[in-house]
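# Topology and contacts: notes
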Amino acid sequence: MIRIVVQNDMADQIRKPEGQLELVDHRGERIGVIRRPPTDDEVSFAKRRIGCKGPKFTINELIAKLESLSEVFRSPAGSLRTAVGSGQK
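The structure displayed is predicted, hence computed values, not measured ones.

### Here's the deal with the overall build of the chain
Scanning the chain from N- to C-terminus turns up four helices and two strands. Going from the N terminus to the C terminus, the chain shows its helices and strands as α-β-β-α-α-α. For the chain, the residues scored as buried account for 6% of the 89 residues in total. When contacts within the chain are restricted to residue pairs at least 6 apart in sequence, those whose partners lie at least 24 apart make up 3%. Total accessible area computed for the chain in this model is approximately 8600 Å², and 59% of it derives from carbon and sulfur atoms.

Here it is as structure tokens:
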């Protein structure tokens, strides 16, 4: 394991409980991302969602949907306005 010592002001920012933490070098290039464990509220929300009657999708279905949307936005006519205006989902 590598141990990195940070200054107090940085340590305070790292300790903040919300969101994830992105590490970048002096040029702003991403080194890595640290994801914090979910909060109790996030766990409660996820448990409530499990019991919902709404549609549920597998990870593969979600990835396929996102990929299809990204193709729309990458195409020459595929601007957000075009996709929304044409009723594509």
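Structure shown, so let's carry the discussion forward.
### Description of the confidence of the model for the chain
Per-residue confidence for the chain averages 78 on the pLDDT scale, and 79% of its residues sit at or above 70. Confidence over residues 79-86 falls short of pLDDT 50; this stretch has six contacts with residues more than four positions distant or in other chains.

### Re a nonpolar patch on the surface
A cluster of nonpolar side chains, Ile-2, Ile-4, Val-6, Met-10 and Ile-14, forms an exposed patch at the surface whose accessible area comes to about 500 Å². Along the polypeptide, Val-6 turns up in the segment before helix H1 (8-15).

Calculation rules
- Residues numbered from 1 in each chain as written.
- Predicted model: local features only at pLDDT ≥ 70, side-chain atom pairs only at ≥ 80, totals over all residues.
- Heavy atoms only, no water.
- Helix = DSSP H or I, 4+ residues; strand = E, 2+ residues; numbered from the N terminus.
- Buried < 20%, exposed > 50% of the residue type's maximum accessible area, 1.4 Å probe, protein only.
- Contact = heavy atoms within 4.5 Å.
- Areas by Shrake-Rupley, 256 points an atom, 1.4 Å probe, with all protein chains shown as cover.
- pLDDT = per-residue confidence, 0-100.
- Patch = residues over 30% accessible without salt bridge, like charges linked within 9 Å, V, L, I, M, F, W, Y side chains within 5 Å.
- Salt bridge = Lys/Arg side-chain N within 4 Å of Asp/Glu carboxyl O.

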